Amino acid sequence: MLNDLHSIKKSVREEAERAGSLQDIQNLKVKYLGKKGVLTNKLKFLGSIPKEQRPEYGSSLNEIKKYIEALLNKQEDIFKSSELNKSLQTQQIDITIPGYYIPLGHLHPITLVLNEIVSIFISLGFTVEEGPEVELDFYNFEALNFPKDHPARDMQDTFFISDNVVLRTHTSSVQVRTMEKNTPPLRVIAPGKVYRCDADVSHIPMFHQLEGFMVDKHIRMSDLKGVLELFIHRVFGRNTSVRFRPSFFPFTEPSAEIDISCVICKGSGCNVCKGTGWLEILGAGMINPRVYEKAGYDPDLYTGFAFGMGIERVAMLKFSIDDIRLFPENDKRFLEQF
Ligand code: PHE
């Protein structure tokens with residue numbers, strides 16, 4: 001019986017010598033050591049051997065098993081490293097070939113401009129507030145001193161959800177909401193989406209605005225001028241001229257529209273500025289005392305300014321874009337330019 005084991009050992013050695021590939025060695029492993037392999041079978045029959053021979057036979061069997069395992073593992077390693085060497089010699093990897101191009105998206109031009117504007121005001125100590133886009137008539141109109149028959153309240157301009165609820169037509173709706181929750185001093189900007197029933201080359205029904213306001217004791221129109229000039233110079237460059245033109249908004253008194261010197265002709269007159277040399281960019285003014293009354297502030301104690309701008313408008317002037325509809329269209333040929 002022990003002879004049997006020795007002849008197994010011998011034939012494994014011979015077969016391993018004859019093996020010509022990794023696969024041959026792996027086949028030998030299955031043949032001798034596998035689940036139905038020669039040695040495994042021998043182990044299974046250990047029980048049928050006379051008791052007194054069992055220990056000797058058993059330990060020889062184990063010894064041979066270890067021997068075969070070591071032998072085949074060694075052979076396997078030899079084949080593995082020679083196959084690796086072969087493939088290293090025959091296959092060449094050109095590490096200078098550029099990798100695959102993975103297309104990456106980037107921020108929308110409106111987001112880029114909005115982020116730039118927000119960061120300018122944050123650097124001046126303003127904090128960011130947000131309000132709802134579906135807004136009560138009270139915050140959008142009533143608290144801002146819009147009389148009941150004001151044309152802005154007309155169905156032509158405003159999307160009504162119900163008699164009392166509108167899609168906000170401007171971010172000025174955030175003014176009284178913020179005042180109700182806080183006491184001055186306030187330095188706030190409120191960016192967001194606004195809605196007006198209007199559509200042509202310079203109007204789309206949903207667009208973005210940024211509101212800004214500052215309320216404290218002794219805030220003056222010169223503070224408004226200083227803040228807006230600084231802002232305009234940062235966005236459009238130091239050489240941009242700024243002018244305040246008298247205007248009207250129910251919630252500011254006095255009110256102004258702010259123009260900048262034309263970004264195209266620098267003020268000499270062209271078809272973008274319709275020959276005037278100026279482009280309108282913002283609405284602003286000193287907050288009307290009636291707004292403070294609605295917010296529960298003492299109008300004799302506090303003064304402040306407010307301004308509002310269209311983000312699409314700023315982006316159009318900054319990048320010389322002549323059609324506002326390009327922004328929501330999502331044409332990659334347009335978006336890829338930013
Ligand atoms: N809300 C005004 C608009 O949408 C802009 C504005 C804001 C004007 C704040 C004055 C003060 O046209």
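Scroll up to find the structure.
Residues numbered from 1 in each chain as written. Predicted model: local features only at pLDDT ≥ 70, side-chain atom pairs only at ≥ 80, totals over all residues. Heavy atoms only, no water.

With that settled, the discussion passes to the side chain of Glu257. Mapping Glu257 onto the fold places it in strand E7 (residues 252-261). A polar atom in the side chain of Glu257 sits 2.7 Å from the side chain of Ser247. Those residues in contact with Glu257 that sit more than four places away from it in its chain are Arg243, Phe244, Arg245, Ser247, Glu280 and Leu282. (Helix = DSSP H or I, 4+ residues; strand = E, 2+ residues; numbered from the N terminus. Polar contact = N/O pair within 3.5 Å; in protein donor to acceptor, adjacent residues only side chain to side chain. Contact = heavy atoms within 4.5 Å.)

So, about the pattern of salt bridges. One pass over the full model with this rule turns up 16 salt bridges. In this structure, the salt-bridge partner of Asp259 is Arg245, at a minimum N-O distance of 2.8 Å. Of this pair, Asp259 sits in strand E7 while Arg245 sits in strand E6 (residues 242-249), and the two are 14 residues apart along the sequence. A relative accessible area of 2% places Asp259 in the buried class. For the salt bridge of Glu336 with Lys332, the shortest nitrogen-to-oxygen distance reads 4.0 Å. Here Glu336 and Lys332 have matching classes, each one exposed. (Salt bridge = Lys/Arg side-chain N within 4 Å of Asp/Glu carboxyl O. Buried < 20%, exposed > 50% of the residue type's maximum accessible area, 1.4 Å probe, protein only.)

Moving on: the layout of surface pockets. Roughly 210 Å³ of internal volume is contained in the second largest pocket. Contributing to the lining of the second largest pocket are Tyr101, Pro103, Leu104, Gly105, His106, Leu107, His108, Lys332, Leu335 and Glu336. When its residues are assigned to classes, the lining of the second largest pocket shows 5 nonpolar, 3 polar and 2 charged. (1 Å grid on protein atoms, 1.4 Å probe; cavity = no way out; pocket = protein on both sides within 12 Å on 5 of 7 lines; lining within 4 Å. Points joined across faces, edges and corners; volume = space filled by probe spheres on them. Nonpolar A, V, L, I, M, F, W, Y, C, P; charged D, E, K, R; others polar.)

So, about the state of the cysteines. Tallied over the full model, the rule gives 0 disulfides. The structure places no disulfide on Cys265, whose sulfur is separated from the nearest cysteine sulfur, that of Cys273, by 3.6 Å. (Disulfide = S-S within 2.5 Å.)

Neighbouring the ligand are 13 residues; His170, Ser172, Arg196, Gln209 and Glu211 lie closest to it. Within the side chain of His170, a nitrogen or oxygen atom sits 3.0 Å from a nitrogen atom of the ligand. Measuring from a nitrogen atom of the ligand, one finds a side-chain N or O atom of Ser172 at 2.9 Å. Listed by contribution, the elements that provide at least two residues to the shell around the ligand are strand E5 (206-216), strand E8 (278-287) and strand E9 (303-310). With 3 residues, the top contributor of residues to the shell around the ligand is E9. When its residues are assigned to classes, the shell around the ligand shows 5 nonpolar, 6 polar and 2 charged. (Near = heavy atom within 4 Å.)

Quick look at the packing of aromatic side chains now. The full count for this structure, using the stated rule, is 13 aromatic pairs. An angle of 65° between the planes, with centres 4.9 Å apart, marks the rings of Phe319 and Phe338 as edge-to-face. Placement of Phe319 in helix H10 (residues 311-319) and of Phe338 in the segment after helix H12 (332-335) is noted, with a sequence separation of 19 residues between them. Classification of Phe319 as partly exposed rests on a relative accessible area of 32%. One aromatic cluster is present, formed by Phe121, Phe126, Phe231, Phe305 and Phe307 through successive ring pairs. The side chain of Lys9 reaches across the aromatic face of Tyr67, ending 4.7 Å from its centre. (Phe/Tyr/Trp six-rings, centres within 6.5 Å; stacked < 30°, edge-to-face > 60°. Lys NZ or Arg CZ within 6 Å of the ring centre and 35° of its normal.)

The element E7 is extensively covered by neighbouring structure, given that 8 of its 10 residues are classed as buried. Here 7 bridges tie E6 to E7, and the two strands are oriented antiparallel to one another. Opposite Arg245, over in E7, you have Glu257 as the bridge partner. As consecutive antiparallel partners, E6 and E7 are separated by 2 residues. Bridging between E7 and E8 involves 8 bridges; their strand directions are antiparallel. Of the residues in E8, the one forming a bridge with Ser255 is Gly285. (Pairing = 2+ DSSP bridges.)

Just distances and angles here, no functional claims.
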